[in-house]
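# Per-entry structural report
Each chain, letter by letter, is given below.
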Amino acid sequence: MLIEARVRGVALDALVAAALAACAVAAALVWPGVRSLDAGGGLLLAAAHVPLAWRRRRPGPALAAVIALMLPFHLLQYQHHAAVPAEVLALFTFAVMGRRVRTVLFGTAAVLLVCAVLFSMGTSGRSGLEQIGVIEAVVGVVVGVQSWRVHRARMAAVTERAERAERTREEEARRRVAEERLRIARDLHDLLAHSITVIGVRAGAAAHAVHSGRPVDRAELAGTLDAIAATCRDARAEVRATLQVLRDPDTPETPGPPPGTRLGVPAGVAGIPELAEAARAAGLRVVLEERGAGAEAPEVGIVAYRIVQEALTNVVKHARARAVQVVLDRRDGALLITVADDGRGPGADGAPAAKGGPAGTGGTGFGIVGMAERARSVGGTVETGPGADGGFVVRALLPLDASPPDGLGAGKRISAK
């Protein structure tokens with residue numbers, strides 16, 4: 001295909017060269033110059049058009065051949081204007097397709113050559129004016145084509161920058177969409193895992209009380225069912241608030257609590273006591289201790305809430321623990337969160353804990369991975385591992401001002417001290 005295209009290009013250029021040669025010979029015969037066109041002049045004029053057949057494949061050699069054949073034609077004082085179209089076409093092709101520096105140098109050399117020949121002959125009068133006109137035509141073609149090439153290169157650069165900026169905007173939009181989807185997935189995981197776990201534990205306790213055969217404490221059963229209903233309402237409100245970001249902004253929506261709130265309590269450090277109460281209602285002995293003083297940034301508080309929520313959910317679901325200790329220690333501009341239980345620890349059932357999976361199981365959950373991602377989002381770290389006296393420990397270190405430090409890391413195994 002490439003060879004056929006080249007052959008067609010050469011054939012087309014040959015037809016153009018033949019047409020120009022015929023027109024040039026006719027013009028020289030009708031309007032003779034200082035010297036009438038004879039057989040030698042006609043042969044020179046026709047031969048000077050032959051290199052135009054290869055002007056696009058070999059623009060430099062074609063221009064050199066045209067100049068070499070046209071120079072004696074001009075020196076013999078034939079009709080100068082008849083040769084101009086072929087010269088301009090060869091020079092234009094070389095200026096467009098050749099390298100810019102080489103084009104300028106070659107054009108300058110051609111002009112100097114013509115000037116040298118002109119002054120060596122001592123031409124004057126009309127012939128001298130015609131030679132000067134040829135020089136001006138050469139300079140005009142070179143300067144005009146180079147200006148056009150500079151403009152085209154500048155426009156191509158502007159277009160490329162615009163396209164690159166558009167691609168960058170699209171990539172940034174896709175990145176933000178991916179980050180938002182990940183954030184929503186983490187929120188839904190934290191919310192649903194905690195709420196469903198609490199509902200399941202309370203419902204199981206109520207069912208056990210009913211089937212145990214002992215007299216049912218109606219007040220206790222009613223309290224358990226009320227707590228289940230409240231958890232369901234709270235979870236529904238949070239799901240609705242979280243999923244609002246996926247809806248059309250013009251779609252009317254009933255106002256609800258902002259994402260990350262439960263029962264009107266901000267899902268920050270102030271909401272952690274409620275998580276402890278929910279874990280106690282599930283049958284755990286929960287010790288919540290706060291040490292130090294200081295105020296954390298709102299986003300740090302939300303991350304702390306979610307980490308404690310996920311850790312307690314894993315304890316209720318997987319650890320088979322009886323007690324859990326939650327410590328919030330503010331010191332040195334950081335918030336250290338420790339959640340330690342006395343359960344079976346990782347791998348207690350004979351199967352190794354999967355990466356990111358729940359403690360003591362071989363599952364493939366995303367709880368620990370989600371905690372690590374949340375901590376990294378504010379410049380913190382999460383470490384998990386077996387406790388020194390058994391059980392499992394989740395330890396998170398979060399900066400109070402949410403300024404990301406250097407060398408972030410997460411997921412490292414530790415031993416509780």
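Shown above is the structure to which this text applies.
Here's what I pulled together on the structure shown here.

## So, the pairing of strand β5 (residues 334-341)
Judged by how many residues are buried, β5 sits mostly within the fold: seven of eight residues are covered. Looking at chain direction, strand β4 (residues 323-331) and β5 are connected through eight bridges and run antiparallel. Across the sheet, residue Val-326 finds its bridge partner in β5, namely Val-339. Hairpin connection, β4 to β5: the antiparallel pair is bridged by two residues, and Asp-332 has positive phi, about 55°. Pairing of β5 with strand β7 (residues 392-399) involves seven bridges; the strand directions are antiparallel. Residue Leu-336 lies in a different strand from β7, and its bridge partner there is Leu-397.

## Examining the nonpolar core
Membership of the largest hydrophobic core comes to 35 residues, with the highest contact counts inside it found for Ile-307, Leu-312, Ile-337, Val-339, Val-394 and Leu-398. Elements supplying a minimum of two residues to this core: α8 (272-281), α9 (298-319), β4, β5, α10 (367-377) and β7. No other element matches α9, which puts 10 residues into this core. Ignoring anything within four residues of it in the chain, the contact list for Leu-312 reads Leu-275, Ala-276, Ala-279, Val-324, Val-326 and Val-339. With 20 residues, the next largest nonpolar core counts Ala-24, Phe-73, Tyr-78 and Ala-83 among its residues.

## With respect to a nonpolar patch on the surface
Where nonpolar side chains cluster on the molecular surface, the patch consists of Leu-29, Val-30 and Trp-31 and spans about 370 Å² of accessible area. Along the chain, Leu-29 turns up in helix α1 (residues 2-30).

## Focus: unusual backbone geometry
Positive phi outside glycine occurs at Asp-332, with the angle close to 55°. Its place among the elements puts Asp-332 in the loop between β4 and β5.

What counts and how
Residues numbered from 1 in each chain as written. Predicted model: local features only at pLDDT ≥ 70, side-chain atom pairs only at ≥ 80, totals over all residues. Heavy atoms only, no water. Buried < 20%, exposed > 50% of the residue type's maximum accessible area, 1.4 Å probe, protein only. Helix = DSSP H or I, 4+ residues; strand = E, 2+ residues; numbered from the N terminus. Pairing = 2+ DSSP bridges. Core = buried A, V, L, I, M, F, W, Y, C linked by side-chain atoms within 4.5 Å. Contact = heavy atoms within 4.5 Å. Patch = residues over 30% accessible without salt bridge, like charges linked within 9 Å, V, L, I, M, F, W, Y side chains within 5 Å. Areas by Shrake-Rupley, 256 points an atom, 1.4 Å probe, with all protein chains shown as cover. Salt bridge = Lys/Arg side-chain N within 4 Å of Asp/Glu carboxyl O.

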